[in-house]
Amino acid sequence: MLKLYGQYRSRAFRVCWLLKESNIPYEHVNVTINVPNATAKEDWYRGLNPNARVPTIDDDGFVMWESAAINFYLAEKYKSPLLPPDMANKGRALQWAFFISNDVEGDMILVFQHRFRFPPEKRNPKLADEAEPKLLAKMQLLEDHLNKSPYFQGDKWGMADFIVSSVMYALLEMNYDKLAQFPKLNAFLTASAARPAAVEAIKLRNS
Ligand SMILES: N[C@@H](CCC(=O)N[C@@H](CS)C(=O)NCC(=O)O)C(=O)O
């Protein structure tokens, strides 16, 4: 059976959400991070993922890592209803996935960690303050898109919408005050997080 390695309070959450959206059965292996003796740094896990980060999957002997790549692999292999069959729509999903990974995620994570996730003594407010204007500019781009179209994928919530929502869920979790400046994006992320598959994944993330 497919194995998902990585504690749910990590990017493994994104893979978990995709698995639930796509009704793919899996076994969860709770590889830990950022704790003393984190499992992710153990030799057996480095053998699966030399980057020693989570998530990783083992699909019947095929091992891979990098959450967005994993999600596209799983969606294609298991014929997820999220992944549109035509090339143009697949291209669109990849476009938004690369945009989110390259242009949004890094600054978003800095704001998330240094305003919310890290214990106060580990926070560096300067890092969050420097990242924030760049994050807000990209959020405006997403808002502009949603002012023209209700979805990122096309005419229904699909892979592109999943990628945007699963990465940007961190902003909902931290109750990011500036999200209110982007009403369409705020409503979109909130509606995405209310999907039954998302609710299940969020419950595991919070457990
Ligand atoms: N680009 C990678 C990033 C993986 C990553 O940084 N995972 C974090 C958890 S969300 C991790 O394992 N951190 C522990 C560490 O860096 O030691 C992906 O999307 O899978």
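Residues numbered from 1 in each chain as written. Predicted model: local features only at pLDDT ≥ 70, side-chain atom pairs only at ≥ 80, totals over all residues. Heavy atoms only, no water.

**Considerations on the packing of aromatic side chains**
What the rule picks out here adds up to 12 aromatic pairs. Connected via pairs of aromatic rings, a cluster forms that spans Phe13, Trp17, Trp157, Phe162 and Tyr169. (Phe/Tyr/Trp six-rings, centres within 6.5 Å; stacked < 30°, edge-to-face > 60°.)

**Observations concerning the domain arrangement of the chain**
Domain boundaries in the chain define domain 1 (3-81) and domain 2 (87-195). Spacing between the C-alpha centres of domain 1 and domain 2 amounts to 21 Å. Tallying the contact residues gives 12 residues for domain 1 and 20 residues for domain 2. When the buried surface of domain 1 facing domain 2 is broken down by residue, Arg14, Trp17 and Phe72 rank first, second and third, together holding 47% of it. Where domain 1 meets domain 2, there are 5 salt bridges. Two residues, Glu76 and Lys90, come together in a salt bridge whose shortest N-O distance is 3.1 Å. At the boundary of domain 1 with domain 2, the tally comes to 5 residue pairs in polar contact (both at pLDDT 80 or more). Residue contributions to the side of domain 1 that touches domain 2 peak at 5 residues, all from helix H1 (residues 12-21). In terms of residue class, the side of domain 1 that touches domain 2 is made up of 6 nonpolar, 1 polar and 5 charged. (Domains from an automatic or database assignment. Contact = heavy atoms within 4.5 Å. Buried area = accessible area lost by both parts, 1.4 Å probe. Salt bridge = Lys/Arg side-chain N within 4 Å of Asp/Glu carboxyl O. Polar contact = N/O pair within 3.5 Å; in protein donor to acceptor, adjacent residues only side chain to side chain. Helix = DSSP H or I, 4+ residues; strand = E, 2+ residues; numbered from the N terminus. Nonpolar A, V, L, I, M, F, W, Y, C, P; charged D, E, K, R; others polar.)

**Details of the side chain of Glu132**
Looking at the element boundaries, Glu132 is found in helix H5 (residues 125-148). Taking relative accessible area as the criterion, Glu132 reaches 8% and is therefore assigned buried. Within polar-contact distance, the side chain of Glu132 engages the side chain of Lys178 at 3.5 Å. Setting aside chain neighbours within four positions, we find Glu132 in contact with Val111, Arg115, Tyr176 and Lys178. (Buried < 20%, exposed > 50% of the residue type's maximum accessible area, 1.4 Å probe, protein only.)

**Details of the environment of Asn124**
Examined against the element boundaries, Asn124 turns out to sit in the loop between helix H4 (87-117) and H5. Once the C-alpha coordinates of Asn124 and Gln113 are considered, the two residues, 11 residues apart in sequence, prove to be 8.9 Å apart.

**Notes on the pattern of salt bridges**
This structure, assessed with the given rule, holds 15 salt bridges. Salt-bridge contacts for Lys77 lead to Asp59; the nearest nitrogen and oxygen are separated by 2.7 Å. Of this pair, Lys77 sits in helix H3 (residues 67-77) while Asp59 sits in strand S3 (residues 56-59), and the two are 18 residues apart along the sequence. Here Lys77 falls in the partly exposed class, since its relative accessible area comes to 43%. Residue Asp129 pairs with Arg115 through a salt bridge whose shortest N-O separation is 3.0 Å. Residue Asp129 is located in helix H5, and its partner Arg115 is located in helix H4; the two are separated by 14 residues in the primary sequence. Look at Asp129 and you get partly exposed, because its relative accessible area is 44%.

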